[in-house]
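The primary structure of each chain is shown beneath.
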Amino acid sequence: MGEADEAFVQAIEHRPKLSVTEDEGIPLIDLSPLSFPNDANTKNIDDLVVEIGNACKKWGFFQVINHGAPLEKRQKVEDAMRKFFAQPLEEKRKVRKDEKKAVGYYDNEHTKNVRDWKEVFDFVADKRILMAASHEPEDKEVPETFNQWPDYPPELRESCEEYAREVEKLAYKLMELIALSLGLPASRFSSFFEDPTRSVRLNHYPPCPAPHLALGVGRHKDVGALTILAQDDVGGLEVKRKSDGEWVRIKPTSDAYIINVGDILQVWSNDVYESVEHRVTVNSEKERFSIPFFFSPPHCTMVKPLGELTNEQNPAKYRAYNLGKFLATRRQSNFKKLDVENIQISHFKVQELANELDGALSINKK
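Rules used throughout
Residues numbered from 1 in each chain as written. Predicted model: local features only at pLDDT ≥ 70, side-chain atom pairs only at ≥ 80, totals over all residues. Heavy atoms only, no water. UniProt positions renumbered as here; feature names shortened; annotations may be inferred. Helix = DSSP H or I, 4+ residues; strand = E, 2+ residues; numbered from the N terminus. Contact = heavy atoms within 4.5 Å. Salt bridge = Lys/Arg side-chain N within 4 Å of Asp/Glu carboxyl O. Buried < 20%, exposed > 50% of the residue type's maximum accessible area, 1.4 Å probe, protein only. Pairing = 2+ DSSP bridges. Axes fitted to C-alpha atoms, helices over the stretch in contact; angles between N-to-C directions.

The chain is annotated in an unreviewed UniProt entry as Fe2OG dioxygenase domain-containing protein from Citrus x changshan-huyou. Its UniProt record gives the chain a comment under Sequence similarities (unreviewed entry), which states: "Belongs to the iron/ascorbate-dependent oxidoreductase family."

A. Up close: the overall build of the chain. The helix and strand inventory of the chain stands at 8 helices and 18 strands. Of the contacts formed within the chain by residues at least 6 apart in sequence, a portion of 77% connects residues at least 24 apart.

B. Inspection of the pattern of salt bridges at higher detail. Scanning all chains against the criterion turns up 23 salt bridges. Glu238 serves as the salt-bridge partner of Arg279, at 2.9 Å between the closest nitrogen and oxygen. Separated by 41 residues along the polypeptide, Arg279 in strand 15 (residues 278–280) and Glu238 in strand 12 (residues 237–240) bring together distant segments of the chain. Glu238 carries the same exposure label as Arg279, and that label is buried. Here Glu274 ties to Lys242 by a salt bridge, and the two come within 3.5 Å at their closest N and O atoms. With Glu274 in the loop between helix 6 (263–268) and strand 15 and Lys242 in the loop between strand 12 and strand 13 (247–249), this pair connects stretches of sequence that are 32 residues apart. Residue classification places Glu274 among the partly exposed positions, given a relative accessible area of 29%. Through salt bridges with shared partners, a single ionic network connects Lys97, Glu109, Asp116, Lys118, Asp122 and Arg201.

C. Main features of the sheet that holds strand 2 (residues 61–65). Taking strand neighbours across the sheet as the criterion, the 8 strands line up as 1-2-14-11-16-9-6-3 in an open arrangement whose pairing is mixed. Each having just a single partner strand, strand 1 (28–30) and strand 3 (104–106) make up the two edges of the open sheet. Strand-to-strand twist across the sheet, computed as the mean angle between neighbouring axes with direction ignored, equals 25°. One ladder, built from 4 bridges, connects strand 11 (residues 226–231) with strand 14 (residues 257–261); its direction is antiparallel. Across the sheet, residue Ile228 finds its bridge partner in strand 14, namely Ile259.

Now the structure itself:
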């Protein structure tokens, strides 16, 4: 990717520290009770639900082992993606995505208006997906988006499709556990995922000549419901610890998946659970690979707090928003720098709206 020019340089307050804080407190949760529910030597499902709930509240992140997803499927994707990213740039750009093509290869993505030190390949788990054409409310167009598969390596498509099917099974299991942890029926989220949006990203972070200035991905929160991440043994994912705001690195665990709460789940839970900021650091010697699987409801979904988790004492903290329009707005900043902060779920906070109305009223009184 060449030298780290000024487009990659983070503001001083957001640059990674040279010293790394690894926190052993990020939960590592054993999902074996799901595979062996009657085994007397394993904890029961109720204990597992409590663990999941505590992890979502304290961290918004956790790792899972004994998850049931075949590791050979993951290895096939990892092998194929290394071959793809090792190609010359002109070959990779034959399947380049842009503002019209939502999936494919890209090497110029921005987070918080700063370019990320990475290259990616995006695909959706279905052969096609419906996405809002634009963020404009009056634009009702919802065109079909199709995957762009490269000619090389020829095994990439099949390995990616097989992998996505297996990780999706894990996503459904986790959503059931999360529902139970909120005091809801296990099937509470099922209706939202009858026709889910399942997108997968292959990340490649090349060695960076200025790892103290740049980030693989700048600080951000995931916009979906749940993210399931496979990472290699290089490491670099950092989470903003809720207790003190310190950036801490998630130490790679062999064959584990990293799970994190997304914005949609934060809104559904009415802030019981929180979508936590995270980022990716880079280093000057080793390349890093990771595979996030993003699990969300369809783009037509109106996202709002669940009725069961609101009442007079705890009213809804968010106004409803259309997921497709929200994502279309967010996509703008992937391709160009914006003059304003990109849209966040905080913009739909009920208190935020009240503050805006108060401000308008006070102006009118003057």
